[in-house]
Amino acid sequence: MKPVSVSLAEVRTLILNRFFEKISARHPSDPVAEALDRWGYIQIDTISRITRAHHHALYNRIEGYSPVQLDDSVEQREVFEYWSHAAAYLPMNRFRYCLPRMERMRREAFFGMKLDAKLLKDVHDRIRDEGPLMSRDFKRPADSGGGQWWDWKPAKMALEILFQQGRLLVAGRRNFQKLYALPEDVLPEGIDTSLPDEREMASHIIDLSMKSQGISRWPHIKSQHKDGVSYIPRRIEEELEDGSLISLDVDDSGIWYCRPSFLEGKPGESESLRIVSPFDSLVINRPWLAELFGVNYQIECYVPAPKRRYGYFTLPIFTREGFAGLLDAKAERVEGRFRIISLHLVPGAWNVPAFDDALESELQRFADFHKCPEIVWDEGSRKL
């Protein structure tokens, strides 16, 4: 079938219409599980300058979202924690697609972490005997005087390696600390644990890309995966043939792919401005973001302070018209203040109808979500 010709402006609108669509808090099933099923995954990150990345992403996708909803979904075994292109929450019905990576992690060292088999067995056996444990449960008390307590750092690494190997899973978190458990204590009864073949893995990766970003192509589809990528080109052709994928020619920039439903997206009635997490699927694939939105965005918390251009933890701002700027903010929870450190807007952003009102409304909603109702602006923070 001949590729459908669309403009870059049309594609941006369709992507943002889809992104701005929110799930009702009164959804008949679990709204968090629905969000993960609809968008594929939610990335986890540890930085807590504002709310953590996974809560931020769900805030943007579920009306009236509260962090307890994610905890409930994990407890109900509707979602689980593992690795997509990075640490992520995934819908439980996708568990089997993690098995190839788990098998590979049993053969390889994870980020250079390789421990002796005895330590791995001892840590695993302790959880088997005692039940779910956190890494702090392996610390030696100050007054223990040595003895049978664990050397904490190797034990902590062992827990992570066992998790990556699938020999332990995460049953939940307490104060953001992982609670490790045996797989049979985490997986629901009857879940499919058969190892997917290459064709099934390719289907999964393509589907994950379509769900998380709406439109993609070969370099972006394969870029964040190692397992099952070799079959992707063939599977793309198969899905084009059966109609589950369609090809797009975006302003003569090359061939992209999407689901037929992507072209049917229409604007919803939710807010017209969103403050986005740096780890949201909308922006996490930086080359994809640059190609489709012309945004060369870099999070600067890993950049030395003197070299930062926009701030420590800048948050992209999008309206339904496109990228609008970057916001550097901090939730000062004890004081109940949401602090605006800097705001950099693209030229003309203020000229978009009702932009100022939309920004003010979203800032207040976002601050309230952090339980920081007072918004304070640093001197000189508005940089237009």
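Scope of this entry: the structure provided in the associated data block. Because the structure is predicted, anything quoted here is derived from the model rather than measured.

A tally of helices and strands in the chain yields twelve helices and 15 strands. For 384 residues, the compact-globule formula gives about 21 Å, and the C-alpha radius of gyration of the chain, at 22 Å, lands near that figure. Overall, the C-alpha framework of the chain stretches about 70 × 55 × 45 Å when taken along its three principal axes. Each of the 384 residues in the chain was classed as buried or not, and the buried ones make up 54%. Accessible area of the chain: about 18,500 Å², with a carbon and sulfur share of 49%. Looking at charge distribution, the chain has the averaged site of its 53 positive side-chain charges lying 5 Å from that of its 58 negative ones.

Take the side chain of His54 next. Relative to the assigned elements, His54 resides in helix α3 (residues 53-59). Other than its neighbours up to four places away in sequence, His54 contacts Ile42, Gln43, Ile44, Asp45, Leu70, Tyr89 and Phe176.

Quick look at the packing of aromatic side chains now. Throughout the structure, instances matching the rule amount to eleven aromatic pairs. Aromatic side chains Phe19 and Phe20 sit 5.9 Å apart centroid to centroid with 85° between the ring planes, which places their arrangement in the edge-to-face category. Classification of Phe19 as buried rests on a relative accessible area of 3%. Among the residues examined, Phe20 registers a relative accessible area of 0% and is labelled buried. Counting every residue linked through ring pairs, the aromatic cluster contains Tyr59, Tyr65, Phe338, Phe366 and Phe369. Above the face of the Trp39 ring, Arg61 is positioned so that its terminal group lies 5.1 Å from the ring centre. Stacked on the ring of Phe19, the Lys or Arg Arg274 has its end atom at 5.8 Å from the ring centre.

Attention now goes to the pattern of salt bridges. This model, assessed by the stated rule, comprises 29 salt bridges. Among the ionic pairs, Asp37 bridges to Lys211, the shortest N-O distance being 3.7 Å. Here Asp37, found in helix α2 (residues 31-39), pairs with Lys211, found in helix α8 (residues 198-213); they are 174 residues apart in sequence, far enough to count as distant. Here Lys211 falls in the buried class, since its relative accessible area comes to 18%. Between Glu160 and Lys178 there is a salt bridge, with the nearest N and O atoms lying 2.9 Å from each other. On the criterion of sequence distance, the pair formed by Glu160 in helix α7 (residues 152-164) and Lys178 in strand β6 (residues 177-181) is long-range, its members being 18 residues apart. Look at Glu160 and you get buried, because its relative accessible area is 15%. Note on Lys178: relative accessible area 16%, which makes it buried.

Turning our attention to the sheet that holds strand β2 (residues 42-43). The antiparallel open sheet is built from three strands, whose spatial order is β2-β4-β3. Each having just a single partner strand, β2 and β3 (79-83) make up the two edges of the open sheet. Inspection of the sheet shows β2 paired to strand β4 (residues 87-91) by two bridges, in the antiparallel sense. Bridging from a neighbouring strand, Ile42 pairs with Tyr89 of β4. Of the strands in this sheet, β2, β3 and β4 touch α2, which is tilted by about 105° from β4.

Now for unusual backbone geometry. You will see that Asn175, though not glycine, has its phi angle at about 50°, which is positive. You can see Asn175 is positioned in the loop between β5 (169-174) and β6. For Asn175, a relative accessible area of 71% puts it in the exposed group. Backbone geometry at Phe176 places phi at a positive 70°, although glycine is not the residue there. Position of Phe176 relative to the elements: it lies in the loop between β5 and β6.

Conventions we followed
- Residues numbered from 1 in each chain as written.
- Predicted model: local features only at pLDDT ≥ 70, side-chain atom pairs only at ≥ 80, totals over all residues.
- Heavy atoms only, no water.
- Helix = DSSP H or I, 4+ residues; strand = E, 2+ residues; numbered from the N terminus.
- Rg over C-alpha atoms; globule rule 2.2 N^0.38 Å.
- Buried < 20%, exposed > 50% of the residue type's maximum accessible area, 1.4 Å probe, protein only.
- Areas by Shrake-Rupley, 256 points an atom, 1.4 Å probe, with all protein chains shown as cover.
- Lys, Arg positive; Asp, Glu negative; His and termini not counted.
- Charge placed at Lys NZ, Arg CZ, Asp CG, Glu CD.
- Contact = heavy atoms within 4.5 Å.
- Phe/Tyr/Trp six-rings, centres within 6.5 Å; stacked < 30°, edge-to-face > 60°.
- Lys NZ or Arg CZ within 6 Å of the ring centre and 35° of its normal.
- Salt bridge = Lys/Arg side-chain N within 4 Å of Asp/Glu carboxyl O.
- Pairing = 2+ DSSP bridges.
- Axes fitted to C-alpha atoms, helices over the stretch in contact; angles between N-to-C directions.

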